[in-house]
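If you want the building blocks of each chain, they are given just below.
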Amino acid sequence: MRIFLNDNAHDVDAATLAAALESLGFGGRKIATAVNGRFVAAAARPSTKLADGDRIEVIAPMQGG
Amino acid sequence: MFYGVDLSSRLLLGTARYPSPAILERAIKASGAEVVTVSLRREGGDARSGQSFWQFIQSLGLRVLPNTAGCHSVKEAVTTAHMARELFDTPWIKLEVIGDADTLQPDVFGLVEAARILSQDGFEVFPYTTEDLVVADRLVEAGCRVLMPWGAPIGSARGLNNVYGLKSLRAHFPDIPLVVDAGLGVPSHAAAAMELGYDAVLLNTAVAEAGDPVEMARAFALAVKAGRAAHLAQPLEPRDMAQPSTPVIGKAVLGGI
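Residues numbered from 1 in each chain as written. Chains lettered and ligands numbered in written order. Predicted model: local features only at pLDDT ≥ 70, side-chain atom pairs only at ≥ 80, totals over all residues. Heavy atoms only, no water.

Caption draft 1: Quick peek at the overall build of chain B. Within chain B one finds 9 helices and 8 strands. Looking at chain B as a whole, 52% of its 257 residues are labelled buried. Within chain B, contacts between residues separated by at least 24 positions form 65% of all contacts whose residues are at least 6 apart in sequence. Accessible area for chain B stands at about 12500 Å²; split by element, carbon and sulfur atoms hold 53% of it. Each charge sign in chain B was given a centre, from 22 positive and 28 negative side chains, and these centres are 5 Å apart. (Helix = DSSP H or I, 4+ residues; strand = E, 2+ residues; numbered from the N terminus. Buried < 20%, exposed > 50% of the residue type's maximum accessible area, 1.4 Å probe, protein only. Contact = heavy atoms within 4.5 Å. Areas by Shrake-Rupley, 256 points an atom, 1.4 Å probe, with all protein chains shown as cover. Lys, Arg positive; Asp, Glu negative; His and termini not counted. Charge placed at Lys NZ, Arg CZ, Asp CG, Glu CD.)

Caption draft 2: The arrangement of the overall build of chain A in detail. Within chain A, the regular secondary structure consists of 1 helix and 5 strands. Listing every helix and strand of chain A by position from the N terminus yields β-β-α-β-β-β. Taken over the C-alpha trace, chain A has a radius of gyration of 11 Å; the compact-globule value for 65 residues is 11 Å, and the two agree within 12%. Projected onto the principal axes, the alpha-carbon positions of chain A cover approximately 40 × 25 × 20 Å. Within the span of chain A, comprising 65 residues, buried residues form 42% of the whole. Nonlocal contacts in chain A, meaning residues at least 24 apart in sequence, comprise 53% of its contacts between residues at least 6 apart. Split by element, the accessible area of chain A, about 3000 Å² in all, is 50% carbon and sulfur. Once the 7 positive and 7 negative side-chain charges of chain A are each reduced to a mean point, those two points are 7 Å apart. (Rg over C-alpha atoms; globule rule 2.2 N^0.38 Å.)

Caption draft 3: Up close: unusual backbone geometry. All names here are of chain B. Phi at alanine 157 takes a positive value of approximately 60 degrees, unusual for a residue other than glycine. Positionally, alanine 157 belongs in the loop between β6 (148-149) and α6 (163-172). Given the relative accessible area of 42%, alanine 157 is considered partly exposed. Despite not being glycine, glutamine 234 shows a phi value in the positive range, around 60 degrees. Assessed through its relative accessible area of 66%, glutamine 234 is described here as exposed.

Caption draft 4: Structural detail: the sheet that holds β6 of chain B. All names here are of chain B. Judged by pairing direction, the sheet is parallel, and its 3 strands sit side by side in the order β4-β5-β6 without closing on themselves. Two strands in the sheet have a free side with no partner beyond their single neighbour: β4 (92-95) and β6. Looking at chain direction, β4 and strand β5 (residues 124-129) are connected through 4 bridges and run parallel. The residue bridging lysine 94 from the neighbouring strand is phenylalanine 126, located in β5. (Pairing = 2+ DSSP bridges.)

Caption draft 5: Quick peek at the pairing of β4 of chain B. Because side chains alternate across β4 of chain B, one face comprises the buried residues Trp92 and Lys94 of chain B, and the other comprises Ile93 and Leu95 of chain B, equally buried. Once the chain exits β4 of chain B it traverses helix α4 (residues 108-120) of chain B before rejoining the sheet at β5 of chain B, and the crossover so formed is right-handed. (Right-handed = clockwise from strand over helix to strand, strands pointing away.)

Caption draft 6: Representation of the packing of α4 of chain B against helix α5 (residues 133-141) of chain B. Residue and element names in this part refer to chain B. Contact geometry of α4 with α5 gives a least axis separation of 9 Å together with a crossing angle of 15 degrees. When the axes of α4 and α5 are compared, the pair comes out roughly parallel. Crossing handedness for the pair α4 and α5: right-handed. Touching Val108, Leu111, Val112, Ala115 and Arg116 of α4 are Val135, Arg138, Leu139 and Glu141, all from α5. (Axes fitted to C-alpha atoms, helices over the stretch in contact; angles between N-to-C directions. Parallel < 35°, antiparallel > 145°, perpendicular 65-115°, else oblique. Left-handed = near helix turned anticlockwise from the far one by under 90°.)

Caption draft 7: Spotlight on the nonpolar core. Residue and element names in this part refer to chain B. Formed by 82 residues in total, the largest nonpolar core has its most connected members in Phe2, Leu11, Leu95, Val125, Val201 and Leu203. In terms of residue count, the dominant contributor to this core is helix α3 (residues 74-88) (8 residues). Dropping the residues within four chain positions of it, leucine 11 is found in contact with Ser31, Ala33, Glu34, Val35, Val201, Leu203, Phe220, Ala221 and Val224. (Core = buried A, V, L, I, M, F, W, Y, C linked by side-chain atoms within 4.5 Å.)

Caption draft 8: Spotlight on the interface of chain A and chain B. Each partner contributes to the interface: chain A provides 24 residues, whereas chain B provides 30 residues. Both sides of the chain A and chain B interface together cover about 2400 Å² of buried area, and 57% of this is carbon and sulfur. Inspection of the chain A/chain B interface yields 4 salt bridges. If you look at where chain A meets chain B, you find 17 residue pairs in polar contact (both at pLDDT 80 or more). Listed by contribution, the elements that provide at least two residues to the side of chain A that touches chain B are β3 (32-35) and β5 (55-63) of chain A. Per-element tally for the side of chain A that touches chain B: the top contributor is β5 of chain A, with 7 residues. A breakdown of the residues in the side of chain A that touches chain B according to their chemical character gives 12 nonpolar, 7 polar and 5 charged. (Buried area = accessible area lost by both parts, 1.4 Å probe. Salt bridge = Lys/Arg side-chain N within 4 Å of Asp/Glu carboxyl O. Polar contact = N/O pair within 3.5 Å; in protein donor to acceptor, adjacent residues only side chain to side chain. Nonpolar A, V, L, I, M, F, W, Y, C, P; charged D, E, K, R; others polar.)

Caption draft 9: Looking closely at the side chain of threonine 90 of chain B. Residues and elements named next belong to chain B. Looking at where threonine 90 falls in the secondary structure, it is placed in the loop between α3 and β4. Side-chain polar atoms of threonine 90 contact the backbone nitrogen of tryptophan 92, separated by 3.0 Å. Discounting residues that sit within four places of it in the chain, threonine 90 has contacts with Val64, Pro66 and Arg85.

Take a look at the structure:
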C-alpha cells in the first residue's frame, strides 16, 4: 500500500496509522497527526485504518512568533 | 489576566528567528516573559529538530501559546489548532488566519468563523486581528476573551500604525484584555502601546533580529513596565496651546520697553 507522509511516498504494509508511524520511525516521538486533512488524536491512531493513497501529516513543535 | 490566568509580566515573546537556542534562552530570561509563542511544522523521519525544541520549551517551565501561523483557511487553522492543543497540552491558541500574503493581514471573516468553531470546542482563543471595532465585536461574540490587534504588519518594525484605532478599541472594550501583537520595532513602540492602556504586547522579530537580542529583550521589558506605569499615572492629553510650567504669579516686574 502506498501512502504519502508529509508529501513523501512510502510503501508500507501497516494497516493502521499507529503501525505506519511506528514503521517509519516516529514511534514515541512528540508529534501530532492528520489523515487526509482531518486531525487524528494520538489515542485514535491505533484504530485509524489506512487506505491506499492516504495523505498523512506529521507535525512537531517548532519555534514561532 | 488571560482566561483566568494571572501573569506578572506584560510581555509575551515569540521564539522564532533567534541566532541560536542559547541566545533565545537568554533573551527569554532577559525579557521576563512568562508566556512564549510556539508553532508547529512537519517533522521529517530523520530530522528531530521538533523533539529537541520540545525538550527546550519544557525546560523553560513557561506557559506556551501555540499559533496557527501560515494558515490561510478556516479549515487549516482549525485543524492546526487541534494538533497544537494535543502537542502542547494547552487550550490556548493564537489564532492566525492570513488573508494577504504581502501584508500578512488577517482574513477577519475567516478569523471570526474559526474563532467561533474553536471557542465552542473549548479552546481559549487569542485572535490575531486588525484594530477594526466591528470585527472585534464579532470576535467577542464568537467567544474570544482576549483580543490581539496588530500594531503594524508582522515583522515590519513600524510600530503603531493606527494609534486612533487602537485607542478606540481600548475605549470600546474596557474589560477585555487587549494585546498589541505584531509590527513593533523598538521599545518606544511597546511603551506607546502600554501608555494607551493596552494590557500587554507580543513581539518576536524586534528582539530576535536585533543586533543583540538579549539586550533588546531587556530594553523591551523596561519599556513595557515604563509604559504601564505611565498609563496608571494618567498621562496628559496633548494641547494646542502652550501652558507655562513655571507659575507666572509673583514674577518680578522689571519693566522694559
